[in-house]
Amino acid sequence: MADDLRAPRQHITATDEWSALASHHDQMRDVHLRDLFASDPARGDTMLVEAADLYLDYYKHRITSETIALLAALARKARVEELRDEMFAGERINITENRAVLHVALRAPASESIRLDGIDVVPGVHSVLRKMAGFADRVRGAQWLGHTGKKIRNVVNIGIGGSDLGPHMAHDALVDYSDRSMNFRFVSNVDGIDFYECTRDLKADETLFIVSSKTFTTLETMTNARTAREWALKGLNGDESAIAKHFVAVSTNAVEVANFGIDTANMFEFWDWVGGRYSMDSAIGLSLMIAIGPERFREMLAGFHDIDEHFRTAPIESNMPMLMGLIGCWYNNFFGAETVAVLPYAQYLTRLTSYFQQLEMESNGKSVDRQGNPAGLQTGPIIWGQAGTNGQHAFYQLIHQGTKLIPCDFIGFARPNHVVGDHQDLLLANFFAQTQALAFGKTAAQVRAEGVPEEQVPHRTFAGNHPTSSILVSELTPRTVGQLIALYEHKVFTQGVIWNVNSFDQWGVELGKKLAQAIIPELRCEQEPRLSHDSSTNALIRRYRATR
Ligand code: G6Q
């Protein structure tokens, strides 16, 4: 079936469904949210969707019920539902790597079965989960001790990209559920300062390194892992036999794990059908599981599964990830919006935006379609943002009064993890007020009515008509974190299908890696190397060698 994905097809922009949306856009382009709300006071009743513990309010979008109907027709034309079913059925929809895309199997209950080439992958997933749980419990319960018999107090995940951003983000999101007597650190950058800062106050005999790498060949991770090995040996009197108690691996590559010197009995496996950026709920989440415990980790998996089920079964018009994906296409492809701001009103979610940055930009940052032709339309937007309210005192100015259209996702929680005075009401009041201000702005007449001097009126007028989605969740828990991540995973999937790109490869990261390999010896060699790059790169290398 997945072979169909390569077959020539009508370009989505040449379909009647696209043309209908283009005509509809002509009518909607200049319509203001003020008018949409004024002309249809009951608008809100239809622009809400709930899925598990997530509540999405999409009233404040420059859409009508007709827009949703036309977008749903587009999704049907692009075969979003069929492709989704192929993903869940283990078809090799990652066509450029000839791989299935089965992160949904990572959170399938043991009672379910998902087949890949006729073999059910769910038992293997649960077997690894049990192995992780046993290990996490032993580390947390001080049954797994360091080489000198000390309790493990520090866990350092070494990984990068998909092997770092997910566990790091989720650890920070769920730190309130973690064992606070332990330290969890994440080393990713090949800049030695990352390793230095993460380990400078740690003792080797109390530290466990988890080397997380799907391939176990990634330059940054292997460099940091070797540095960690030296660091640990130095702190453990050079005793090589100590390594076994202080290093474990998460990988698909047992051969390289063994070559590095980690006993494969201490390797936690995952599979090539799990993409790096879709892997935080696989063994890549081992550091998180040690932090929050296996039970909480399973709650998070249940949250992912809640949204998988919603995505798999809800009709397009009430399917939260599909709606978010389609509304994103509306701005990206018809209004020409180039970016999306993700603004979590939750301090624990400070890393969420950079996690989504990889999820969305690595998945849909493509300019070639699945047939190998130029994509012929705008694909993935730039994702950016940071936790509110801080951004309000910084970049929100541009969203409110700049010249760019920036759709925003606001994310907030009704109940705080800890009640601190009346902070929560202030936080949420800001969230709601920002979406209001962005939508409705402030007219020149309103500004004048406040007695503002005439010369200041243009400066203090807000055009409004800036669209926002509001995602309100009852509480930040492992389960709701799982739900949120799955929501965005499936939103990205929906958009990738509309744009006809392969959301599951990432060839774009390859070129720079290869070129770096050529430059490394030129920086290391004693004698002045003969350089044959472009003149700018040659000059940079010479300057570096002369000034280091
Ligand atoms: C994610 C990408 C990429 C990958 C890293 C680390 O989807 O593939 O971010 O996760 O390059 O790769 P390894 O896990 O193989 O070290």
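Look a little higher up for the structure.
Residues numbered from 1 in each chain as written. Predicted model: local features only at pLDDT ≥ 70, side-chain atom pairs only at ≥ 80, totals over all residues. Heavy atoms only, no water.

**Some words on the overall build of the protein chain**
In terms of helices and strands, the protein chain carries 20 helices and 13 strands. Rg of the C-alpha trace for the protein chain: 25 Å, near the compact-globule value of 24 Å for 548 residues, within the 12% margin. In terms of principal-axis extent, the alpha carbons of the protein chain reach across some 75 × 60 × 60 Å. Contacts in the protein chain between residues at least 24 apart in sequence constitute 74% of all its contacts with a sequence separation of at least 6. Here the protein chain displays about 23400 Å² of accessible surface, and carbon together with sulfur accounts for 51% of that area. (Helix = DSSP H or I, 4+ residues; strand = E, 2+ residues; numbered from the N terminus. Rg over C-alpha atoms; globule rule 2.2 N^0.38 Å. Contact = heavy atoms within 4.5 Å. Areas by Shrake-Rupley, 256 points an atom, 1.4 Å probe, with all protein chains shown as cover.)

**Focus: the sheet that holds strand β10 (residues 339-345)**
Ordered by their spatial adjacency, 6 strands build an open sheet running β1-β2-β13-β12-β10-β11, and the pairing between neighbours is mixed. Edge positions in the sheet fall to β1 (48-51) and β11 (382-384), since each of these pairs with one other strand and no more. Across the sheet, the mean angle separating the axes of adjacent strands is 20 degrees when strand polarity is ignored. Two strands pair when backbone bridges link them, and β10 and strand β12 (residues 408-415) are joined in this way by 5 bridges, in the parallel orientation. Across the sheet, residue Leu-343 finds its bridge partner in β12, namely Phe-410. Of the strands in this sheet, β10, β12 and β13 (468-475) touch helix α16 (residues 423-440), which is tilted by about 150 degrees from β12. (Pairing = 2+ DSSP bridges. Axes fitted to C-alpha atoms, helices over the stretch in contact; angles between N-to-C directions.)

**As for the pairing of strand β6 (residues 183-187)**
By the criterion of burial, β6 is predominantly enclosed, with 4 of the 5 residues buried. Bridging between strand β5 (residues 154-158) and β6 involves 5 bridges; their strand directions are parallel. Among the inter-strand pairings, Val-155 is bridged to a residue of β6, identified as Phe-184. (Buried < 20%, exposed > 50% of the residue type's maximum accessible area, 1.4 Å probe, protein only.)

**Things to note about the site of the ligand**
Neighbouring the ligand are 13 residues; Ser-163, Ser-213, Lys-214, Thr-215 and Thr-218 lie closest to it. Taking Arg-277, its side chain carries an N or O atom lying 2.7 Å from an oxygen atom of the ligand. In the environment of the ligand, an oxygen atom lies 2.7 Å from a nitrogen or oxygen atom belonging to the side chain of Gln-358. Relative to its unbound accessible surface of 410 Å², the ligand loses 88% to contact with the protein. Its residues assigned to classes, the shell around the ligand shows 1 nonpolar, 9 polar and 3 charged. (Near = heavy atom within 4 Å. Polar contact = N/O pair within 3.5 Å; in protein donor to acceptor, adjacent residues only side chain to side chain. Nonpolar A, V, L, I, M, F, W, Y, C, P; charged D, E, K, R; others polar.)

**Comments concerning unusual backbone geometry**
Cis geometry marks the peptide bond from Gly-388 to Thr-389; its omega dihedral reads 10 degrees. Its identity is not glycine, yet Asn-98 carries a phi of approximately 50 degrees, on the positive side. Inspection of the secondary structure puts Asn-98 in the loop between α4 (80-88) and β3 (115-116). With a relative accessible area of 48%, Asn-98 lands in the partly exposed category.

**Looking at the nonpolar core**
Counting residues in hydrophobic clusters, the biggest one holds 126 residues, and the most contacted among them are Leu-208, Trp-273 and Ile-290. Among all residues touching Ile-290, those that are not within four sequence positions of it are Phe-135, Ala-136, Val-139, Arg-140, Val-155, Met-182, Phe-184, Leu-208 and Ile-210. Ranked by size, the runner-up nonpolar core spans 24 residues in total, among them Cys-198, Val-211, Phe-216 and Leu-233. (Core = buried A, V, L, I, M, F, W, Y, C linked by side-chain atoms within 4.5 Å.)

**Focus: the pattern of salt bridges**
Under the criterion given, the structure shown has 27 salt bridges. The shortest N-O distance in the salt bridge between Glu-81 and Arg-76 comes to 3.9 Å. Using a relative accessible area of 21% as the deciding quantity, one classes Glu-81 as partly exposed. Given a relative accessible area of 38%, Arg-76 falls into the partly exposed group. Note that Glu-489 and Arg-107 form a salt bridge whose closest N and O atoms lie 2.6 Å from each other. Of this pair, Glu-489 sits in helix α18 (residues 478-499) while Arg-107 sits in the loop between α4 and β3, placing them 382 residues apart in sequence. (Salt bridge = Lys/Arg side-chain N within 4 Å of Asp/Glu carboxyl O.)

**Side note on helix α20 (residues 535-547)**
Here α20 is 13 residues long and its end C-alpha atoms lie 18 Å apart, about the 18 Å a rise of 1.5 Å per residue gives. Among the residues of α20, those classed as buried are Asn-538, Ile-541 and Arg-545. Within α20, the buried residues cover an arc of 65 degrees as seen down the axis, which keeps them to one side. Counted as exposed and oriented over 90 degrees from the buried face of α20: Ser-535, Leu-540, Arg-543, Ala-546 and Thr-547. Close packing links the buried residues of α20 with α19 (510-524). Where α20 begins, the side chain of Asp-534 points an oxygen toward the backbone nitrogen of Ser-536, at a separation of 3.1 Å. (Expected span 1.5 Å × (residues − 1). Arc of directions from axis to C-beta.)

**What about the pairing of β5?**
Here β5 lies mainly inside the structure; 5 of its 5 residues are buried. The alternating pattern of β5 places Asn-154, Val-156 and Ile-158 on one face and Val-155 and Asn-157 on the opposite face, and all of these are buried. A crossover connection joins β5 to the parallel β6 through helix α6 (residues 165-173); in handedness this β-α-β unit is right-handed. Inspection of the sheet shows β5 paired to strand β7 (residues 207-212) by 5 bridges, in the parallel sense. Bridged to Val-155 within β7 is Leu-208. (Right-handed = clockwise from strand over helix to strand, strands pointing away.)

**Some points on the side chain of Ser-213**
Inspection of the secondary structure assignment puts Ser-213 in the loop between β7 and α8 (219-235). Those residues within four positions of Ser-213 in sequence are excluded, and the remaining contacts are Ser-163, Thr-218, Thr-221, Val-250, Ser-251, Thr-252 and Ile-284.

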